[in-house]
Amino acid sequence: MPVQKSHYEACLTEYSNSLGAIALLKQHRPYLEMIPSLRRPDESVITVPLPIARLRGDATTAAQATRLPCDVAILMCDPEWKIKTAPEILIFIHRPHEDFSDFLGRWRQSQVWLDQKYGIQASPFQGDF
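Residues numbered from 1 in each chain as written. Predicted model: local features only at pLDDT ≥ 70, side-chain atom pairs only at ≥ 80, totals over all residues. Heavy atoms only, no water.

Asks: Can you walk me through the side chain of Thr47 in this structure?
Replies: Mapped onto the elements, Thr47 comes out in strand β1 (residues 45-49). A polar contact of 2.3 Å, which involves the side chain of Thr47, links it to the backbone oxygen of Ser16. With sequence-adjacent residues up to four places away left out, Thr47 is seen in contact with Tyr15, Ser16, Asn17, Ser18, Ala21, Val72, Ala73 and Ile74. (Helix = DSSP H or I, 4+ residues; strand = E, 2+ residues; numbered from the N terminus. Polar contact = N/O pair within 3.5 Å; in protein donor to acceptor, adjacent residues only side chain to side chain. Contact = heavy atoms within 4.5 Å.)

Take a look at the structure:
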């Protein structure tokens, strides 16, 4: 059964909101436990829709901004210190007209890119996390 564009957009909207992302993490306990403060989860989670990663180059190459093939990145941050903690969680949403092979290809490409040193850019107005 093909995925409807409206369903994809609804999921993207829901999981781009920190409360929707937290609700999703509640369905998967190991990921929920990664949240730094369960007392203040809304202050501990930053969602980044259609994230951009800045792949850091070595001494001879410059950093390169690359759009990750995932749909939402969830960054964990300490609510007191306002600093990033723990690894990121990447969410992949099945896109309209995408077969399973393409879906896995997006996941694999993310793994390859994130094997390098990187920082996910939360917005053009904030620095790398």
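Asks: Mind showing me how you'd approach the packing of aromatic side chains here?
Replies: What the rule picks out here adds up to 2 aromatic pairs. Where Phe92 meets Phe103, the ring centres are 6.3 Å apart and the plane angle is 75°; that geometry is what we call edge-to-face. Separated by 11 residues along the polypeptide, Phe92 in the loop between β5 (84-91) and α5 (100-113) and Phe103 in helix α5 bring together distant segments of the chain. Grouping aromatic residues by their ring pairs yields a cluster made of Phe92, Phe100 and Phe103. (Phe/Tyr/Trp six-rings, centres within 6.5 Å; stacked < 30°, edge-to-face > 60°.)

Asks: Explain helix α1 (residues 5-16) to me, please; I cannot follow it from the model alone.
Replies: Count 3.6 residues to each turn of an α-helix, and residues three or four apart come out pointing the same way. Compared with the 16 Å implied by 1.5 Å per residue over 12 residues, the 16 Å span of α1 between its first and last C-alpha is a close match. When α1 is considered as a whole, its buried residues turn out to be Tyr8, Cys11, Leu12, Tyr15 and Ser16. Down the axis of α1, the smallest arc covering the buried residues is 125°, so these residues share one side. Among the exposed residues of α1, those pointing more than 90 degrees away from its buried face are Ser6 and Thr13. (Expected span 1.5 Å × (residues − 1). Buried < 20%, exposed > 50% of the residue type's maximum accessible area, 1.4 Å probe, protein only. Arc of directions from axis to C-beta.)

Asks: Please clarify how the confidence of the model for the protein should be interpreted in this entry.
Replies: Low pLDDT means the predicted coordinates in that region are not meant to be read closely. Summarising the model, the protein shows a mean pLDDT of 85, and 89% of its residues fall at 70 or more. Confidence over residues 124-129 falls short of pLDDT 50; this stretch has 13 contacts with residues more than four positions distant or in other chains. (pLDDT = per-residue confidence, 0-100.)

Asks: Which parts of the structure should I look at to understand the pairing of strand β4 (residues 72-77)?
Replies: Every regular strand shows the same layout, with side chains that alternate between the two sheet faces. Counting buried positions along β4 yields 6 of 6 residues, so the element is predominantly enclosed. Of the two faces of β4, both are covered, the one formed by Val72, Ile74 and Met76 as well as the one formed by Ala73, Leu75 and Cys77. Two elements, β1 and β4, share 5 bridges in a ladder whose sense is antiparallel. By the bridge assignment for β4, Thr47 is matched with Ile74. One ladder, built from 5 bridges, connects β4 with β5; its direction is antiparallel. (Pairing = 2+ DSSP bridges.)

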